[in-house]
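# Structure assessment
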Amino acid sequence: MAAAERWSGAGPAGDEYEVTLFGPGVGECVVLHLGDGAWMVVDSCLLEGEPVALAYLRAIGVSAAQVEGMVVTHWHDDHHRGAAALLEACPNAKIHASAAVRGREFLQLVAFANDHAPIDVEEFHRVLTQLHARSGRRREGASVDWLRAGTRFLNRTVATGAQVEAWALSPSSASITRTLHELGALIPVVKAPNRRLVAPTPNECSLAVLLKLGRRGVLLGADLEEHGDTSRGWSAVVANHENVEGRADVYKVAHHGSPTAHHEALFTALLAPRAVAAATPFRRSGLPSAADITRLGSRVSALHLTSPTSGKRLASRDPTVERILRGVVRNRRAELGEMGSVRFRFREAGEIAVEHFGAAFQAA
Amino acid sequence: MSATALARTTDATALADQGARRPRVWKTAAPPRMTQPSSHPDTRSAGSDSAALEVGGDAPVETPDGVIALRHVLPRINAPATDTFRLLQQFEGTVLEIGQGEFTARLVDRTDPRNPVEVADFSLDDVAVGDRELLAPGAVFYFSVGYRVATWGQRYREATVKFRRLPAWSRRDVEKARAHAESWSWLIEDDGSR
């Protein structure tokens, strides 16, 4: 299907905000219109080999040059596929990343990624290589904006007079320390086995963001989890939320609706009473489950999913192969489903318009 | 790593050269659900390599010295019965997580790369004892499905899991990565807009 056929309509008006969430089953990306033709992309996933954000912006007639910021929330592979290609296509985009990976430990880990060592940071290798190449041409704007909890990284007044701000809600100091310690332990040493590296807790460094769009708010939960510790995760965000005024009308559900990302006060302290929510599934782990959908659905006015958690048909193979596979492996499922997207458009006042594309649907 | 290079590093001869433990080979009248192969799981002959004398059960076959001597003299006449493996389907797997008695893996279809990536659960019992030390999140393995055809034509359905063994990181690899990381260090020293 051509990209233009997947999404209908033109881009938003200058005074109209937009939050569009994309998810193919494993992976997510959020595209945001911040007013006056300025765009931001949070995380990246692929559609037929291309960053979905690029395909979408092209389909609605927006130039990639209008993307002013790219946020990479953490280094889990379902959040950064295609980030380097996106960065290359968006010459004016400044990259924002979690301060929890601002360390020589992370650079060393990324430096091990090459064709002979397919560890889980290849995309970051490409991103850093590209930033390094940019620096040769134009040092200014080529560096990374490393964000930690409480940092405001966008502040401007749009034509309507509204104030548009972006705040990092995480990582906390404790999470930064823990992440750097964990990364240090992952760096290969001489004689260590050569295998794909998998971080035990990649979500610890997740960068959750609150966008204040005039009187509206958008909470992007990334994969931030809850640890029952006021110095980390959602407890830390909730404990410090007074520092960032405003409640969100739109919530990008944290960590695919997992119970590990649940904090009751998030719904009362950070979200507006009639907030709407959208989540991307993570099919490898079956998230969100039916129980997760019920739990989340009871706390927001509506919950939308970009695609179903399961259900796509597997490839058709030789009957003998299928018989053997059935006898040997269990619970086979396709990693990716059909790409779907949920689009919210709204102004300073009035209703929030919700549209579904592809496999997206309202789950609760 | 290219597929060719992967094949070379998992070849039984290469394993022997690296001093790796020789994998076990099973051959039973009623085929086991899973077997651990002695060589790369593409089409191969179980009797064509030096592991052939071990065929016949978990324990190596006790072979009288005289027979070995005869085989040196008349290798064709005394050649052991040979099986061939006909590969029907192969996946490259990456271990995602290890649970109670099973592990979850991401499977990329190597036979037809156009097919969608799958995720599936395997029993830990299906991992060869010699490969257990390699089983960890991130470990790469080859999952092959096909027929084993015995000398007299019997066909056994067979699936094998074989973990990839790469040379461990060398001092040169580590130093190269450190130097590469150093060239990026301005990215963490430069505070951007702040």
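All names here are of chain A. In spatial order, the strands read E9-E10-E11-E12-E13-E14-E15-E19; together these eight strands make up an open sheet with mixed pairing. In this open sheet, the two strands that pair with only one neighbour each are strand E9 (152-157) and strand E19 (361-362). Strand direction decides the pairing type here: strand E12 (residues 216-220) and strand E13 (residues 248-252), joined by three bridges, are parallel. Residue Leu220 lies in a different strand from E13, and its bridge partner there is Lys252.

All names here are of chain A. Taking strand neighbours across the sheet as the criterion, the eight strands line up as E8-E7-E6-E3-E2-E1-E17-E18 in an open arrangement whose pairing is mixed. This sheet does not close on itself; its edge strands, each paired only once, are strand E8 (144-147) and strand E18 (353-358). The sheet shows a mean angle of 20° between the axes of neighbouring strands, direction not considered. Examined bridge by bridge, strand E2 (residues 29-33) and strand E3 (residues 39-42) share four bridges and lie antiparallel to one another. By the bridge assignment, Val31 is partnered in E3 with Val41.

In many analyses, interface size is given as the accessible surface area lost on bringing the parts together. Residue-level contacts link 59 residues of chain A with 59 residues of chain B. Interface area, chain A with chain B, both sides summed: about 5200 Å², of which 58% is carbon and sulfur. In terms of surface lost to chain B, no three residues of chain A exceed A:Arg317, A:Val328 and A:Arg330, which account for 12% of the buried area on that side. Across the contact surface, chain A and chain B share eight salt bridges.

We now examine the nonpolar core. Where a protein is soluble and globular, its nonpolar side chains tend to be buried together. Core analysis: the biggest nonpolar cluster contains 63 residues, and A:Val31 and A:Trp75 have the highest contact counts within it. Core analysis: the second largest hydrophobic core is formed by 31 residues, A:Leu32, A:Val164, A:Leu207 and A:Phe346 among them.

Okay, the environment of A:Tyr56 next. All names here are of chain A. Here Tyr56 lies in helix H2 (residues 52-59). Judged by relative accessible area, which is 0%, Tyr56 ranks as buried. Beyond its immediate sequence surroundings of up to four residues, Tyr56 is in contact with Trp7, Glu18, Thr20, Phe22, Val31, Arg343 and Arg345.

A few words now on the pairing of E13(A). Along any regular strand the residues' side chains alternate between the sheet's two faces. Residue and element names in this part refer to chain A. In terms of burial, E13 is largely enclosed, as five of its five residues are buried. Taken together, the four bridges between E13 and strand E14 (residues 271-279) define a ladder with parallel strand orientation. The residue bridging Ala248 from the neighbouring strand is Leu271, located in E14. The parallel pair E13 and E14, bridged by helix H9 (residues 264-270), forms a crossover whose chirality is right-handed.

Residue and element names in this part refer to chain B. Applying the stated criterion to the full structure yields 15 aromatic pairs over all chains. Consider the rings of Phe103 and Phe141, whose centres lie 5.7 Å apart with planes at 90°: the pair is edge-to-face. Residue Phe103 is found in strand E3 (residues 102-109), and its partner Phe141 is found in strand E5 (residues 140-149); the two are separated by 38 residues along the sequence. Like Phe141, Phe103 is buried. Look at Phe122 and Phe141: their rings are 5.5 Å apart centre to centre, the planes differ by 80°, and that puts the pair in the edge-to-face class.

What follows covers the environment of A:Trp167. Residues and elements named next belong to chain A. With respect to the helices and strands, Trp167 occurs in strand E10 (residues 163-168). By relative accessible area, which is 14% here, Trp167 ends up buried. Measuring from C-alpha to C-alpha, the distance between Trp167 and Ala10 comes to 29 Å, with 157 residues separating the pair along the chain. In this view, Trp167 contacts Gly150, Thr151, Arg152, Phe153, Ala208, Val209, Leu210, Lys212 and Val244; residues no more than four positions away in its chain are not counted. Side chain to side chain, Trp167 and Glu165 meet in a polar contact 2.7 Å long.

Helix H4 (residues 171-183) of chain B packs onto helix H5 (residues 104-111) of chain A with a crossing angle of 125° between their chain directions and a minimal axis gap of 8 Å. In terms of orientation, H5(A) lies oblique with respect to H4(B). At the point where H5(A) passes H4(B), the crossing takes the right-handed sense. Judged by residue contacts, A:Arg104, A:Leu107, A:Gln108 and A:Ala111 of H5(A) engage B:Ala177, B:Arg178, B:His180, B:Ala181 and B:Glu182 from H4(B). Of the residues belonging to the contact of H5(A) with H4(B), the class tally is four nonpolar, two polar and three charged.

Scoring rules and cut-offs
Position numbers for residues count from 1 along each chain, tracking the sequence in the order it is written. To read the labels, note that chains go from A and ligands from 1, taken in the order they are written. In keeping with the predicted nature of the model, local features appear solely for residues at pLDDT of at least 70, side-chain atom pairs appear and are counted solely at 80 or more, and the whole-chain, interface and lining totals rest on all residues. Calculation of side-chain values draws on the structure's entire complement of heavy atoms; hydrogens and water are dropped beforehand. If DSSP finds at least two bridges between two strands, the strands pair. Numbering of helices and strands runs from the N terminus; a helix is a DSSP stretch of H or I covering at least four residues, while a strand is a stretch of E covering at least two. For helices, the fitted axis covers only the stretch in contact; all axes are lines through C-alpha atoms, and the angles between them, taken along N-to-C directions, range from 0 to 180 degrees. A contact between two residues is defined here by any heavy atoms of the two lying within 4.5 Å. Accessible area, probed at 1.4 Å, shrinks when two parts are joined; the buried area is that loss added up over both. By salt bridge we mean one thing: a side-chain nitrogen of Lys or Arg within 4 Å of a carboxyl oxygen of Asp or Glu. Put simply, buried Ala, Val, Leu, Ile, Met, Phe, Trp, Tyr and Cys residues joined by side-chain atoms within 4.5 Å make one nonpolar core. The classification of residues rests on relative accessible area computed with a 1.4 Å probe and restricted to protein chains. Under 20% of the type maximum is buried, over 50% is exposed, and intermediate values are partly exposed. A crossover counts as right-handed when, viewed with the strands pointing away from the observer, the path leading from the first strand over the helix to the second turns clockwise. Between 30 and 60 degrees the pair is tilted, below 30 it is stacked and above 60 it is edge-to-face, where a pair is any two Phe, Tyr or Trp rings, Trp via its six-membered ring, whose centres lie within 6.5 Å. Polar contacts, as counted here, are pairs of nitrogen or oxygen atoms within 3.5 Å of one another; within protein the pair requires one atom able to donate a hydrogen and one able to accept it, and residues that are adjacent in sequence qualify only if both atoms are side-chain atoms. Should an angle fall under 35 degrees it is taken as roughly parallel, and over 145 as roughly antiparallel, whereas 65 to 115 is taken as roughly perpendicular and any remaining angle as oblique. Should the near helix be turned anticlockwise from the far one by less than a right angle, the crossing is left-handed, and should it be turned clockwise, the crossing is right-handed. As a working rule, the residues Ala, Val, Leu, Ile, Met, Phe, Trp, Tyr, Cys and Pro are called nonpolar, Asp, Glu, Lys and Arg charged, and the rest polar, with Gly in that last group.

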